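In case you want the letters, here they are:
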Amino acid sequence: MASFTGASSQQTSLSIITSILSFLLLAFFLAPAVSDSGHRLQANQTFRPQQQLLRIKRVRAYLRKNNKPAVKSIQSLDGDIIDCVRSHLQPAFDHPQLKGQNPLEPPERPKGNESVDVMTESIQLWTNTNESCPADTIPIRRTTEKDVLRANSIKKFGRKVKRRDTISDEHEHAVAFVNGEQYYGAKANINVWSPQVSDQNEFSLSQVWVISGSFSNDLNTIEAGWQVSPELYGDSCPRFFTYWTNDAYQSTGCYNLLCSGFVQTNNKIAIGAAISPMSSYDKRQFDIGIMIWKDPKHGNWWLQFGTGLVIGYWPSFLFTHLRSHASMVQFGGEIVNSKSGFHTSTQMGSGRFADEGFRKASYFRNMQVVDWDNNLLPLSNLHLLADHPNCYDIKAGENNLWGNYMYYGGPGRNQRCS
């Protein structure tokens, strides 16, 4: 009996231990995952542990592929992690047509009369750490699990939805544009704000578009500027961003370096990182310079940030229509209105209408285009378009100091915009 009781006691103990271990394992797998930045991920509200585990597994596999190994990592003051990645290991070189290659040297920049810059230039918050990426590396904002999960799907992460040239219930614009000629680039300075975005799945951006093709299924665009996107970045900071597509945002292209395409050559600017400082209402103004131009020799589209930092290029083979030239250039703002039955209160620009002018409304200044001979030229035959002028409007002008300029933006929902 003593022997049997001992065996029974051991079995009981083992059973208890097994139950505890099973409970702990279940608790571990069902607990909200923790992202690379230390934030907890939201669990599936419908409590489907198998689906949630599979989703997390897929996201982590995606991150292992897309977050490249770093030789150094820098913690930004806003919580971002900036990874210094070897230039030849960046996401662009996952593309079959770029595998095994190295980044190209910058070409000759467009020729033109440089304006006297009286404004203060914004740079990026992560550089305030006094840390920098070594030579032969590029700074990449690390993507976390939480970033991907906010998009609801890996396929949707880092992509825009299809844009139309007609007035849309979702995407609204206030833009100045030129068309009717062949364009080989564009340049402008944009002051930086932090507009309020009312929903996580909405955004507010200010950018330059270089466009060719139709607005149906073959639209080619290159885009660069600043944006506030809670879904993409998880906060309300204005961030320097890029975008490209060759099929009207259907399946090609992405923001920043979130897919293979854009080749970065600069180790001082992290695409997707927060811009600092930013403009304040009726106070000091801060802006960024954006220039996009086509290399006459190799045909690639290059990007410059600020007064002279060449960031990198979009290889010409990414595009169809843009392999030769652009047929339209746009400057301005865009928001997403996801509301049904009433208008969003997401702001564009500074959140103020164009009539309020300097230090109050958002602006573009020194707007120029690049011609076939790599010359910067003032705009001719400029058109203005505001999809919903009671919500966001636009006003253009010209003077000796700012060349072609415009004010644009607005508060969204108000007494006239409901």
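Scroll up for the structure.
Anyway, here's the lowdown on the structure attached to this text.

Parameters and conventions
- Residues numbered from 1 in each chain as written.
- Predicted model: local features only at pLDDT ≥ 70, side-chain atom pairs only at ≥ 80, totals over all residues.
- Heavy atoms only, no water.
- Helix = DSSP H or I, 4+ residues; strand = E, 2+ residues; numbered from the N terminus.
- Expected span 1.5 Å × (residues − 1).
- Buried < 20%, exposed > 50% of the residue type's maximum accessible area, 1.4 Å probe, protein only.
- Arc of directions from axis to C-beta.
- Phe/Tyr/Trp six-rings, centres within 6.5 Å; stacked < 30°, edge-to-face > 60°.
- Pairing = 2+ DSSP bridges.
- Axes fitted to C-alpha atoms, helices over the stretch in contact; angles between N-to-C directions.

### Points about helix H2 (residues 49-66)
Then comes step 1: Between its first and last C-alpha, H2 extends 26 Å over 18 residues, near the 26 Å set by a 1.5 Å rise per residue.
Then comes step 2: All of the buried residues along H2 are Gln52, Ile56, Val59, Tyr62 and Leu63. The arc that holds the buried residues of H2, viewed along the axis, is 125°, so those residues lie on one side. Relative to its buried face, H2 has exposed residues pointing more than 90 degrees away, namely Gln50, Lys57, Arg58, Arg64 and Lys65.

### Remarks on the packing of aromatic side chains
Two aromatic rings are characterised by how far apart their centres lie and by the angle between their planes.
Then comes step 1: Throughout the structure, instances matching the rule amount to 17 aromatic pairs.
Then comes step 2: On the numbers, 6.2 Å between centres and 75° between planes, the contact of Phe331 with Phe364 is edge-to-face. Separated by 33 residues along the polypeptide, Phe331 in strand S16 (residues 326-336) and Phe364 in strand S17 (residues 362-370) bring together distant segments of the chain.
Then comes step 3: You can call Phe331 buried: its relative accessible area is 0%.
Then comes step 4: Taking 5.9 Å as the distance between ring centres and 80° as the angle between the ring planes, the aromatic pair formed by Trp402 and Tyr405 counts as edge-to-face.
Then comes step 5: On the basis of relative accessible area, Trp402 is assigned to the buried category, the value being 7%.
Then comes step 6: Relative accessible area serves as the criterion here: at 18%, Tyr405 is assigned to the buried category.
Then comes step 7: Each residue in the set Phe358, Tyr363, Trp402, Tyr405 and Tyr407 is aromatic and connected to the rest through ring pairs, giving one cluster.

### Points about the sheet that holds strand S19 (residues 383-386)
Then comes step 1: If you walk across this open sheet you meet the 6 strands as S10-S9-S8-S16-S6-S19, and the pairing is antiparallel. Across the chains shown, the open sheet's two edge strands, defined by having one partner strand only, are strand S10 (239-245) and S19. The sheet shows a mean angle of 15° between the axes of neighbouring strands, direction not considered.
Then comes step 2: Across 4 bridges, strand S6 (residues 171-183) lies against S19 in antiparallel orientation. What sits directly across from Ala174, in S19, is Ala386.

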